[in-house]
Amino acid sequence: PYTYTVRKNNQDVIKTGALDFSSGRATIPNIEVTLDEPAMVYVQISTAGGAGSTSGTSMALGAAVAPERLQPSAPRPADFDAFWAAKIRRLKAVPENAVLTPADGGKPDVEYATIRMDNVGGAHVYGQLAKPKRPGKFPALVILQWAGGPYPLQKQWVTDRAAEGWLALNIEPHDVPGDRPQSFYDALPQELKNYHTIGRDDRDKSYFLKMYLADYRAVDYLARRPDWDGRTLVVMGTSMGGQQSLAVAGLHPKITHVVVNEPAGCDTNGPLHGRASGYPNWPPDDPRVMRTALYFDPVNFAPRIKATSLVAIGFVDTVTPPV
């Protein structure tokens, strides 16, 4: 026996029922659902499994209803721009102090180095840089990382791009070096591995504050390098990397293009308004957390973005719901 559940915006159940495969084929009856608002539709089909089975199987499908008319679920804080202007001023008051350490990138036509820069509050920005091993000016690319970890950065993430002609910078989302063995990351404190909970009820202590400022510093660094072509500066990332990309694109005026895949952190107050929210999965039942989340929600940076943007969503994504 199979069952199906239809949800609006991955949250509110609008239809459920059973599927009868006795004739070899089954159809979800009256599947056409009329919605009076723009929304994403998520359908899950599942079975409990046969006799003796301990786990079932499931499949999912999705649809969009007037997605271009979707609006933010909560208003942007009135002091959003002032808050971030003050934080960027604070960052600019900290000298960059970039330290490059050349290393073997594994490709003969590519220059590779690790990089460390200073961030606010005594923190650091760690990453890796690669460029073509030839004179010239190159388009710049900042690659921002998905959630988890901390974890090591892989050299090919920048060397492959450099081999294509990019000046590529990839940074850690955490204040840890990106070139250590896995045992180093495994031994880090458990609190750091649950970083998304740090400061989530205080906008001045949120873990994402230093993360976004690190992203800004990375863009600033590339934009000042003499080997940048001065025309193309791309930020890109998947999941939390997409979250960071949208945020920094709304903060830094020199970014020209944004490429993000299934960005996390969006519509954080959605569960209060009938929409499932995804990673960082901040608790909607804590008003302080919900107020703080709005200052780090990419939805609230989006109106500031002037760069050409390519944004991909997953219609059946439950980690970063498409709405």
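Here is a short report on the structure shown in this document. (Residues numbered from 1 in each chain as written. Predicted model: local features only at pLDDT ≥ 70, side-chain atom pairs only at ≥ 80, totals over all residues. Heavy atoms only, no water.)

Things to note about the overall build of the protein chain
Counting its regular elements, the protein chain contains 8 helices and 12 strands. Seen through its principal axes, the protein chain has C-alpha atoms that stretch 70 × 45 × 40 Å. For the protein chain, the residues scored as buried account for 48% of the 323 residues in total. Partitioning the contacts of the protein chain with sequence separation of at least 6, the portion at a separation of at least 24 is 67%. Across the protein chain, 34 positive and 33 negative side-chain charges occur, with their mean positions spaced 5 Å apart. (Helix = DSSP H or I, 4+ residues; strand = E, 2+ residues; numbered from the N terminus. Buried < 20%, exposed > 50% of the residue type's maximum accessible area, 1.4 Å probe, protein only. Contact = heavy atoms within 4.5 Å. Lys, Arg positive; Asp, Glu negative; His and termini not counted. Charge placed at Lys NZ, Arg CZ, Asp CG, Glu CD.)

Side note on the pairing of strand E8 (residues 138-144)
With 6 of 7 residues buried, E8 lies mostly within the body of the structure. Bridging between E8 and strand E9 (residues 167-171) involves 4 bridges; their strand directions are parallel. When the sheet's bridge partners are listed, Leu-141 is paired in E9 with Ala-168. In this fold, E8 hands off to helix H2 (residues 156-163), which returns the chain to E9; that crossover is right-handed. (Pairing = 2+ DSSP bridges. Right-handed = clockwise from strand over helix to strand, strands pointing away.)

Here we look at the packing of aromatic side chains
Taken as a whole, this structure holds 18 aromatic pairs when the rule is applied. Aromatic pair Phe-83 and Phe-296: ring centres 6.4 Å apart, planes at 85°, arrangement edge-to-face. Of the two residues, Phe-83 sits in helix H1 (residues 80-92) while Phe-296 sits in the loop between helix H7 (287-293) and helix H8 (298-301), which places them 213 residues apart along the sequence. Comparing Phe-83 with Phe-296, the two get one shared label, buried. Note on Trp-146 and Tyr-151: the rings are 6.0 Å apart at their centroids and 15° apart in plane angle, and the pair reads as stacked. In this structure an aromatic cluster arises from ring pairing among Phe-80, Phe-83, Trp-84, Tyr-195, Tyr-207, Phe-208, Tyr-212, Trp-282, Tyr-295, Phe-296 and Phe-301. (Phe/Tyr/Trp six-rings, centres within 6.5 Å; stacked < 30°, edge-to-face > 60°.)

A few points about the nonpolar core
With 58 residues, the main nonpolar core has Trp-84 and Ile-255 as its most contacted residues. The residues touching Trp-84, leaving out its near neighbours within four places in the chain, are Leu-209, Tyr-212, Leu-213, Leu-251, Tyr-295, Phe-296 and Phe-301. (Core = buried A, V, L, I, M, F, W, Y, C linked by side-chain atoms within 4.5 Å.)

A few points about the sheet that holds strand E7 (residues 124-132)
What the 8 strands build is an open sheet, ordered E5-E6-E7-E9-E8-E10-E11-E12; its pairing is mixed. The open sheet has two edge strands with one neighbour each: strand E5 (99-103) and strand E12 (308-312). Each strand axis lies, on average, 20° off the axis of its neighbour in the sheet, ignoring direction. The pairing of E7 with E9 spans 4 bridges and is classified as antiparallel. If you follow Leu-129 over to E9, its bridge partner there is Leu-169. Relative to the sheet, H2 contacts strand E6 (110-118), E7, E8 and E9, its axis offset from that of E7 by approximately 30°. (Axes fitted to C-alpha atoms, helices over the stretch in contact; angles between N-to-C directions.)

Describing unusual backbone geometry
The phi torsion of most residues other than glycine is negative, and most of the peptide bonds are trans. Residue Gly-149 is joined to Pro-150 through a cis peptide bond whose omega torsion reads 10°. Along the chain, the position of Pro-150 falls in the loop between E8 and H2. Its identity is not glycine, yet Glu-262 carries a phi of approximately 45°, on the positive side. Mapped onto the elements of the fold, Glu-262 is located in the loop between strand E11 (257-261) and H7. Residue class for Glu-262 comes out partly exposed when judged on its relative accessible area of 25%. One non-glycine residue with positive phi stands out, namely Asn-281, at about 55°. Counting through the fold element by element, Asn-281 comes out in the loop between E11 and H7.

Description of the sheet that holds strand E4 (residues 57-65)
Spatial strand order, E2-E1-E3-E4: 4 strands in an open sheet with antiparallel pairing. Two strands bound the open sheet, and with one partner strand each, they are strand E2 (12-19) and E4. Between one strand axis and the next, the sheet turns through 15° on average, direction left out of account. Note that strand E1 (residues 2-8) and strand E3 (residues 39-47) share 7 bridges and pair antiparallel. Each residue of the ladder has a partner; that of Tyr-2, found in E3, is Thr-47.

A short note on helix H5 (residues 207-224)
For H5, with 18 residues, the first-to-last C-alpha span of 27 Å sits near the 26 Å given by 1.5 Å per residue. Across the 18 residues of H5, 16 count as buried, placing the element largely inside the fold. (Expected span 1.5 Å × (residues − 1).)

With respect to the side chain of Ser-239
On the secondary structure map, Ser-239 appears in the loop between strand E10 (228-238) and helix H6 (240-251). Not counting residues up to four positions away in its chain, the partners in contact with Ser-239 are Trp-146, Asn-261, Glu-262, Pro-263, Ala-264 and Thr-320.

Describing the packing of H5 against H6
Orientation of H5 relative to H6, taken along the N-to-C sense of each, is 65°, at an axis distance of 9 Å. By crossing handedness, the relation of H5 to H6 is classed as right-handed. Every residue of H6 that contacts H5 at Phe-208, Met-211, Tyr-212, Asp-215, Tyr-216 and Val-219 is listed here: Met-240, Gln-243, Gln-244, Ala-247, Val-248 and Leu-251. A class-by-class count of the residues in the contact of H5 with H6 yields 9 nonpolar, 2 polar and 1 charged. (Left-handed = near helix turned anticlockwise from the far one by under 90°. Nonpolar A, V, L, I, M, F, W, Y, C, P; charged D, E, K, R; others polar.)

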